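Below are the chains, spelled out letter by letter.
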Amino acid sequence: MTAKNTICLWFDKEAVDAARFYAETFPDSSIGAIHHAPGDYPDGKQGDVLTVEFTVFGIPCIGLNGGPVFKHSEAFSFQIATDTQEETDRLWNAIVGNGGQESECGWCKDRWGLSWQITPRALTDAFTDPDPAAAKRAFEAMMTMKKIDIARIEAARRG
């Protein structure tokens, strides 16, 4: 049964490759049904993979092979809360190391152009510190980072 609300992600022709990577990389992620086009369409032929159903961290998604017209942008991203530096490093390195690219402040893009925020819970805790000076120090430390370094965030928070 299809979920009531599903995120649809537009790909050129690589939806299955992306879904496989996500299923192999992220916990609670898997590939479901793969649907082939019942007829020709503007960027494909009958029998081509049209959509793939998958989950990312338990979030239902559909990958649509819609052609090169639309590209991903930072206006949409997956934000993944991590508990340790090891988990942060593993996910960041998997995305960047598979043809992706680093960005700033915990953001990176996968090889298909989809944006990810690999956000340690320690960073969120620091931003919500009741001491505004501690929150500001942590924020300023984050602004100098690409991948988030939890030890540096916690040190900045402490002052």
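A.B. asks: Hey, could you run me through the pattern of salt bridges in this one?
C.D. replies: Pairs can form between side chains of opposite charge whenever their charged atoms are close. Here the structure, examined in full by the defined rule, presents six salt bridges. Of the charged contacts in the structure, one is a salt bridge between K109 and E74, with a shortest N-O distance of 2.9 Å. On the criterion of sequence distance, the pair formed by K109 in strand β7 (residues 107-109) and E74 in the loop between β4 (59-65) and β5 (77-82) is long-range, its members being 35 residues apart.

A.B. asks: Help me understand the nonpolar core in this model?
C.D. replies: Inside soluble globular proteins, nonpolar side chains tend to come together where they are buried. If you look at the biggest cluster of nonpolar residues, it comprises 23 residues, and the most contacted ones within it are Y22, F54, V56, F78, W116 and I118. Elements that contribute at least two residues to this core include exactly β1 (7-11), α1 (15-25), β3 (49-56), β5, α2 (85-97) and β8 (115-120). With six residues, α1 is the largest single contributor of residues to this core. If near-sequence neighbours (up to four positions away) are discounted, F54 is found in contact with L9, A19, Y22, S30, I31, G32, I59, P60, C61, I62 and G63.

A.B. asks: What am I meant to see in the sheet that holds strand β2 (residues 30-36) here?
C.D. replies: Neighbouring strands of a sheet are bound in pairs by backbone hydrogen bonds; such pairs are parallel or else antiparallel. What the four strands build is an open sheet, ordered β1-β4-β3-β2; its pairing is mixed. Unpaired on one side and paired on the other, β1 and β2 mark the two borders of the sheet. With direction set aside, neighbouring strand axes in the sheet form an average angle of 20°. Contacts from α1 reach β1, β2, β3 and β4, with the element oriented near 15° to β3.

A.B. asks: In this structure, what is going on with the environment of F26? I would like to understand it.
C.D. replies: Here F26 is to be found in the loop between α1 and β2. Once the C-alpha coordinates of F26 and W112 are considered, the two residues, 86 residues apart in sequence, prove to be 16 Å apart. Those residues in contact with F26, other than ones at most four positions away along the chain, are V56, F57, L91, I95 and W116.

A.B. asks: Help me understand the sheet that holds β8, please; the structure alone is not making it clear to me.
C.D. replies: Read from one edge of the open sheet, four strands run β5-β8-β7-β6, paired in mixed fashion. Only two strands of the sheet have a single neighbouring strand rather than two, namely β5 and β6 (101-102). Relative to β7, β6 is paired through two bridges, and the arrangement is antiparallel. Looking at the pairing, E102 lines up with C108 of β7.

Parameters at a glance
Residues numbered from 1 in each chain as written. Predicted model: local features only at pLDDT ≥ 70, side-chain atom pairs only at ≥ 80, totals over all residues. Heavy atoms only, no water. Salt bridge = Lys/Arg side-chain N within 4 Å of Asp/Glu carboxyl O. Helix = DSSP H or I, 4+ residues; strand = E, 2+ residues; numbered from the N terminus. Core = buried A, V, L, I, M, F, W, Y, C linked by side-chain atoms within 4.5 Å. Buried < 20%, exposed > 50% of the residue type's maximum accessible area, 1.4 Å probe, protein only. Contact = heavy atoms within 4.5 Å. Pairing = 2+ DSSP bridges. Axes fitted to C-alpha atoms, helices over the stretch in contact; angles between N-to-C directions.

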